[in-house]
Structures are given as structure tokens and as C-alpha cells.
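# A look at the structure
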Amino acid sequence: MRIVIPDDYQDCVRTLDAFARLEGHEVTVFNDTVTDLDTLVERFRDAEALVLIRERTPITAELLERLPHLRAISQTGGGAAHVDMGACKARGVTVMAGTGSPYAAAELTWGLVLAAMRHIPEEAANLKAGRWQRTLGTGLKGRTLGIFGYGKIGQLMARYARAFEMEVLVWGREGTRQRAIEAGLAVAGSQAEFFERSDVLSLHLRLNEETRGIVAAEDLARMKPTSLLVNTARSQLIAPGALEAALRAGRPGMAAADVFDDEPVVSHPLLELPNFLGVPHLGYVEKDSYELYFGDAFDNLLAFAAGEPVRNLAE
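What counts and how
Residues numbered from 1 in each chain as written. Predicted model: local features only at pLDDT ≥ 70, side-chain atom pairs only at ≥ 80, totals over all residues. Heavy atoms only, no water. Helix = DSSP H or I, 4+ residues; strand = E, 2+ residues; numbered from the N terminus. Rg over C-alpha atoms; globule rule 2.2 N^0.38 Å. Buried < 20%, exposed > 50% of the residue type's maximum accessible area, 1.4 Å probe, protein only. Contact = heavy atoms within 4.5 Å. Phe/Tyr/Trp six-rings, centres within 6.5 Å; stacked < 30°, edge-to-face > 60°. Lys NZ or Arg CZ within 6 Å of the ring centre and 35° of its normal. Pairing = 2+ DSSP bridges. 1 Å grid on protein atoms, 1.4 Å probe; cavity = no way out; pocket = protein on both sides within 12 Å on 5 of 7 lines; lining within 4 Å. Points joined across faces, edges and corners; volume = space filled by probe spheres on them. Nonpolar A, V, L, I, M, F, W, Y, C, P; charged D, E, K, R; others polar. Axes fitted to C-alpha atoms, helices over the stretch in contact; angles between N-to-C directions. Parallel < 35°, antiparallel > 145°, perpendicular 65-115°, else oblique. Left-handed = near helix turned anticlockwise from the far one by under 90°.

### Quick look at the overall build of the protein
Of the regular secondary structure elements, the protein holds 11 helices and 12 strands. Computed over its C-alpha atoms, the radius of gyration of the protein comes to 21 Å, within 12% of the 20 Å expected for a compact globule of 315 residues. Taking the principal axes of its C-alpha atoms as reference, the protein extends roughly 55 × 50 × 35 Å. Here the protein, with 315 residues, has 48% of them falling under the buried criterion. A sequence separation of at least 24 residues applies to 63% of the contacts in the protein between residues at least 6 apart.

And the structure:
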């Protein structure tokens, strides 16, 4: 098959052990992200299959109409909300997805918690510039970690917090709260209480119409001036512009994020704020995760090419 893999920022896919599975196929890899429809058509014109890295390139009906050879899309990870399933079904394009792992994202989230609370990036830069001890960090022991969404990543975060002797407070839908209670964790009485009590508040929700903008300006205004908000889920969980305004107002006192509305980010108002720590969507960008994600994606594609039964999300 003629296979195209877009958006490989680090040019690392070809270095994976899993890449050897595509031997014998014609594979083209692009290392940048483009959004112009004509450019995408030019890149994908001859592709019989696309292997998509998470949600970096949306597959729209307009794009699909101009890809006459496309037969399959194999998605890394389990979600494919960025693919127009109706258009794929209409054009007979099979869409496959694999599995994921919560560990890399949870580890990155915890790294941001430690880095922000102890001002590690700032002090590392200070040291290289010849400046010694310019900030006073905050420890985690005895403080409260608020977990908004108690799924696989949220559950790992609760375990990490307990290892650091933190209190854990959970909020989310009724099912989330029930799972937390069964795990012996405290549950907030309301969303307002949740934001008021959390010293570190971490978002772990899926993005959908119900959760889009679920964190409003009034929620952020309830946070302590010493608190930290961490978002490694989706930027759109927070109302547009609300986090920038809240950080300027000092509630919360700090924020750390791994996700932005439009990626890759060239400039963003948050990056200009001294109380914001940002990283370029690294949550799942880790060797073991990539081997898992791409191994599944390649296996699904090879099964499709061999005429074996596959689960088609577009059916």
C-alpha cells in the first residue's frame, strides 16, 4: 500500500521498532503540520492509507472528496473525533483505531505539578544565568489535589498524590463521584467547593459538547491565590480567554498546561505570563507510548491490507 504518515514533528516514527512492520509498503512521512486544504490534498493525493498521529490533522469531507485513492485511515490511540465518519462511510473509507495507555500522560502531569510548585524551570534558568535561589517553592505534603474526572489518568494521579501524602478531592459526573467514593476518596459537595478547596487542581475530562467550557471564569475566581491549575487534557475544557484573565487576576496563582486550542503553537497570550508553565503537548509523546500507539495502528492497517476483518469506526 501507499501509506502517508503526517505530523511526525520529531521525525521519530521511522526510529520505532514498530516501523519495521511496514516493510514492503511505500511509506511517506511528513514532519510538519499544514492546514491549507490544497496542500493537504497534494500530500495525500496518492495515499491509499493514512496513519494519523492523534488529532493533529482533521480529516474533513472536503478533504476526502479530493482523495480518490484513499481506502483506509488507521488512527493512533483510541479516539477519532477529528475524522468525519459520515464522509468516510459515504466514500467507503475504513477507519480503524487502537488502544492507548494512561501512564505517560499521568507522569507528565505529575512532572508539571512538581515543576510548577517548586519553580524548577525558572530556577534552572536562573542557575544557568548566574542567579542563585530567587523563588520560594511550595511542597505537596498535606495539601489537596483536586482531580476533575476520575478515569484512568485521574486514578493514577490519585495514587501519585497519596504517595506524596496529599489529600485527594474528586469532582465530576455522578459515575465519576461514585467510583471515587468506592476507592475511598473524598468527593466535593459541589463544583464551587471543589475549586475553592483544591491546592492543585488537575483536569482529566474527555472533550465533548457537555464538557466544552465546563471550567468557567467564576470557577477559576474561586481558587486560592496560592493554588495551581494543571491541564493536560484539552484546552477547550476551559472557557475561551478565562485562564489568561484568571492568571492576571491572581486566582489561581499559577497554571501549567500541555494543550492549546491551535497546535502547533507559534505564539499564545499564556506564554507571556510569568505564572504560566507550558509544554508542547508532550503527554503521550514517549517511547513506550509511541511503540504501543503505532504498533496498534500498523497492525490494524496490515490486517486491512490482508483482507482480514477489522473494526471499522465509520460503519
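### Notes on unusual backbone geometry
Omega for the peptide link from Arg251 to Pro252 comes to 0°, which places this bond in the cis form. Following the sequence through the fold, Pro252 ends up in the loop between helix 10 (242-249) and strand 11 (254-257). The omega torsion of the bond from Glu263 to Pro264 falls at 0°, within 30 degrees of zero and hence cis. Within the secondary structure, Pro264 is located in the loop between strand 11 and strand 12 (276-278).

### Observations regarding the packing of aromatic side chains
For the structure on display, the rule yields 11 aromatic pairs. Summarising the aromatic geometry, the rings of Phe148 and Phe195 are spaced 6.2 Å apart at their centres and angled 80° between planes, so their arrangement reads as edge-to-face. Separated by 47 residues along the polypeptide, Phe148 in strand 6 (residues 144-148) and Phe195 in helix 8 (residues 191-197) bring together distant segments of the chain. Overall, Phe195 belongs to the buried group, its relative accessible area being 0%. Aromatic rings pair up to connect Phe19, Tyr284, Tyr290, Tyr293, Phe294 and Phe298 into one cluster. Positioned above the aromatic ring of Tyr284, the side-chain terminus of Arg54 is 4.7 Å from the ring centre.

### Concerning the sheet that holds strand 10 (residues 228-231)
An order of 8-7-6-9-10-11-12 is seen for the 7 strands of this open sheet, with the pairing classed as parallel. The open sheet has two edge strands, strand 8 (186-187) and strand 12, and neither has a second partner. Where strand 11 meets strand 12, 3 bridges bridge the pair, whose relative direction is parallel. Across the sheet, residue Ala255 finds its bridge partner in strand 12, namely Phe276.

### A short note on the layout of surface pockets
Counted as a void, the second largest pocket has a volume near 230 Å³. Considering the residues around the second largest pocket, the lining is formed by 16 residues, among which Ser235, Ile238, Ala239, Glu244 and Asp261 are closest to the centre. Residues of the lining of the second largest pocket, tallied by class, amount to 8 nonpolar, 5 polar and 3 charged.

### A look at the packing of helix 4 (residues 103-117) against helix 6 (residues 152-163)
Any two packed helices are characterised by the angle at which their axes cross and by the distance between the axes. It is the contact of helix 4 with helix 6, at a shortest axis distance of 9 Å, that shows an interaxial angle of 45°. By the angle class used here, helix 4 and helix 6 are oblique. Pair helix 4 / helix 6 crosses with right-handed handedness. Here Tyr103, Ala105, Ala106, Glu107, Thr109 and Trp110 of helix 4 lie close against helix 6, whose contacting residues are Ile153, Leu156, Met157, Tyr160 and Ala161.

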